[in-house]
Number of protein chains: 2
Amino acid sequence: MSKVGFTVVNGGSIVTPRGFTAGGLHCGLKNTDRNDIGAIRCEVEATAAAVYTTNVFQAAPLKVTRESLVDGRLQAVVVNSGNANACTGQQGERDAYAMRAAAARELGVAESNVAVASTGVIGEHLKMDRVLGGISSLPDRVNGESDGAEQFTQAILTTDLVKKEACVAVEVDGVTVHIAGAAKGSGMIHPNMATMLAFMTCDAAIGQAALHQLLKQATDNSFNMITVDGDTSTNDMLIAMASGLAGNRELDAGHPDWEAFAEAFTYICQELAKAIARDGEGATKLVEVSVSGAVSDASAQAIAKTVIGSSLVKSAVFGADANWGRIIAAVGRAGEPVNPDTVDIRLGDIIVLSQSSPVAFDEAEALSYLRGDTVRIIVDLHHGNGTATAWGCDLTYDYVRINAAYRT
Amino acid sequence: MSKVGFTVVNGGSIVTPRGFTAGGLHCGLKNTDRNDIGAIRCEVEATAAAVYTTNVFQAAPLKVTRESLVDGRLQAVVVNSGNANACTGQQGERDAYAMRAAAARELGVAESNVAVASTGVIGEHLKMDRVLGGISSLPDRVNGESDGAEQFTQAILTTDLVKKEACVAVEVDGVTVHIAGAAKGSGMIHPNMATMLAFMTCDAAIGQAALHQLLKQATDNSFNMITVDGDTSTNDMLIAMASGLAGNRELDAGHPDWEAFAEAFTYICQELAKAIARDGEGATKLVEVSVSGAVSDASAQAIAKTVIGSSLVKSAVFGADANWGRIIAAVGRAGEPVNPDTVDIRLGDIIVLSQSSPVAFDEAEALSYLRGDTVRIIVDLHHGNGTATAWGCDLTYDYVRINAAYRT
């Protein structure tokens, strides 16, 4: 399947870009036998950039990762699931440093080139014997085969039902560059600067400043535009690593292939973000809200995120109820400039509101559309040129069930 | 039961203050046989004030009520439930004016002294034959007995399970003044300037400016501090009417009994607001979040509302899960100044976090506490002198059930 400027690589993974290996295993942090520790390794020092949660209470691993990333280079990432190592004080920091030291030793890289990430329950100390036992087995598991990527992708999941990954190829200087990513996230999803955990690999040569700038831009149009429940995690982190082994001339915004590369990079971010939204806790469908005609893109973003975050809209979508009154109520409370007389709303292709007046529509057709696995809500404010798209999911009985007893 | 400065009147209602009568009946807007139209009448022109939703899409009745309130005087309120008359265009405005005219005629008061309120489904036109038929029967039903107040209080409910009312007595100039209120609200509750529908009656003499100022202040510390689902309605309206028949010297901020009166007035607002939160759609309990040690009261309010609005916190409370990690995650994403190292959290009397470090607590005791019908979450930031309290409810299967098929 071809997209403008790049090609989706079916079956591709985070080890498709040259230089990367990955793996994962079960060390005993989760009560089930699912993988709970994993690593990505690069055979060279990769150019790297990251974005982090804006939550005031940042988990210990984020502090350690920031430290490793001071020079813009990484060679490995170690990740555990089942425990977020957040709100764990001094002991939590010592544990995160110990994870980094062990991973560096076992994977044969410098400590200062290792990022650490954790996800799971907040406020409990890591069982470090299990973590260190798991890390000592990583060298046997980390490989460049698709199974290595699969084991890593499984190791980062918590309440997720499915793994999230994407891979594309794009031509830069006449050579084929690959960009891939893996992510986790299902609840406490309302990212602000980064989402739960996402890892991108790439074999392009790219300047660190250009990579960081691109990562921020792509995040604003992908991970920062999804919400599952309006709650921003303490552990959100997105790390991108570029090995440079593809052999292209170093990319920056002045490179003739920059646009194609940036588009491909953003595509990976959006695919992972949408996969997180679709796999939102308890979700039965992906909901996409597109807003146009706002006074600015920022205003459109605020409105789209208000609609996608409305519990009433989310419940109505779950019930396949074409209750556009809740959509317009959410638009109206977003705190953004709106002309109350010029709003159009469509559900897919079905027009339900035109110039703020109800339009008679075929209820059976609307029901059929809303029962699909993807629901698009299109709002045109006719009040400017700002546009934005946000992604989320429906609110279901299972969301409540999952979260009424997550910790216990 | 005595509170500082005023007395709760058990069995009191909106007709307890001198001069007020009320009533309600079923006219056919609801599919059930529950009351769906009602009115309050005052035997004199009452000093009146109102606050309204800040949603951009304000329903037609709000426009008509604002017009009636231009001179700060009202003598009657007519209310229907089952249809919000919101997003109904020009026809909706004509219908709201027609409701006002019919109520004025039937209740024998001037049109410009009648407020109109509606609540229910958004985007459908009122069945005016039923509305007008109902209004023509109101004179037979409006009376000063407790049954009249009961019928009115029932007539304003939608998905509410219980009626909400409160009444207090307070001494002003040595005479007993009564303040009472009735409210409805269960979903789309995240008020900003006013909540769904609430009506207050009072027999004190009070200046219009003083009444309006007090209403705004009391609203900020009551209705504006509750949330059920984060959604702000298009129809929120709170109207206060004071008949002046108690015989006191006109109240204003300089009156020696002002503090006692204001305290009593605020108490009514808080009782009604808490009753709305406790009766939130699908709710099994009232949740109260108190924040202290913030940099300002406004900052404490923002944090308290973020915690009370968190779907994850609400789900955990439903599951009686002492998952304080979600509470601190919500505190941390509120966008307010917080010292990440100095936060204490209590669930009732149970300390779960001290100076941002986990405290071992008795899980059985916490479970028992969280299974109660009122859950208090107390957050002390140790970062200033700002305080605030917010009220909400748990997020349950029934919330999803109710809202997955509200319209159909």
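Description of the structure in this document. (Residues numbered from 1 in each chain as written. Chains lettered and ligands numbered in written order. Predicted model: local features only at pLDDT ≥ 70, side-chain atom pairs only at ≥ 80, totals over all residues. Heavy atoms only, no water.)

Examining the packing of aromatic side chains
Our working rule: Here the aromatic set is Phe, Tyr and Trp, taking the six-membered ring for Trp, and pairing holds for ring centres within 6.5 Å; pairs whose planes are under 30 degrees apart are stacked, those over 60 apart are edge-to-face, and all others are tilted. The secondary structure listing takes helices from DSSP runs of H or I that are at least 4 residues long and strands from runs of E that are at least 2 residues long, numbered from the N terminus. Buried, partly exposed and exposed residues are distinguished by accessible area as a fraction of the type maximum, computed with a 1.4 Å probe on protein chains only: under 20%, between the cut-offs, and over 50%, respectively. Over a ring means this: the NZ of a Lys or the CZ of an Arg is within 6 Å of the ring centre and within 35 degrees of the ring normal.
All told, the structure shown has eleven aromatic pairs over all chains when counted by the stated rule. Ring geometry for B:F152 against B:F199: centres 5.5 Å apart, planes inclined by 80°, an arrangement best described as edge-to-face. Pair noted here: B:F152 is in helix α4 (residues 146–155) and B:F199 is in strand β9 (residues 197–202), with a separation of 47 residues, a long-range link. Take B:F152: its relative accessible area is 0%, and that puts it in the buried class. Each member of the aromatic cluster is reached from another via a ring pair, and the members are A:F318, A:Y397, B:F318 and B:Y397. Lying over the aromatic face of A:Y52, A:R66 brings its terminal NZ or CZ to 4.1 Å of the ring centre.

A look at the relation of the copies chain A and chain B
Note the cut-off: Residues below a pLDDT of 70 in either copy are left out; the C-alpha atoms of the rest, at least 70 in both, set the least-squares superposition of the copies. Contacts were defined at the residue level, with two residues in contact if any of their heavy atoms lie within 4.5 Å.
Superposing chain A onto chain B requires a rotation of 180° together with a translation of 0.0 Å along the rotation axis, leaving an RMSD of 0.1 Å. This pairing of chains is accounted for by a two-fold axis. Considering only C-alpha atoms, the residue of chain A closest to the rotation axis is A:Y397, which sits at 2.6 Å. When the interface residues of chain A are mapped onto chain B, 100% of them again fall at the interface, so both copies present the same face.

Describing the nonpolar core
Rules: Here the nonpolar core consists of buried residues drawn from Ala, Val, Leu, Ile, Met, Phe, Trp, Tyr and Cys, with membership extended through side-chain atoms lying within 4.5 Å.
In this structure, A:F199, B:I179, B:F261 and B:F265 are the most contacted members of the largest nonpolar core, which totals 114 residues. No other element matches the twelve residues that helix α6 (residues 258–278) of chain B contributes to this core. Among all residues touching A:F199, those that are not within four sequence positions of it are A:I14, A:I40, A:V77, A:V79, A:A117, A:F152, A:I156, A:A180, A:G181, A:A182, A:L238 and A:I239.

A few points about the state of the cysteines
Applicable threshold: Any two cysteine sulfur atoms within 2.5 Å of one another count as a disulfide.
Inspection of the entire model under this criterion finds zero disulfides over all chains. For A:C202, which is in no disulfide, the shortest distance to another cysteine sulfur is to A:C167 and amounts to 9.9 Å. Taking relative accessible area as the criterion, A:C202 reaches 4% and is therefore assigned buried. B:C42 takes part in no disulfide bond, and the closest cysteine sulfur to it belongs to B:C202, at a distance of 10 Å. Accessibility expressed as a relative area gives 0% for B:C42, which makes it buried.

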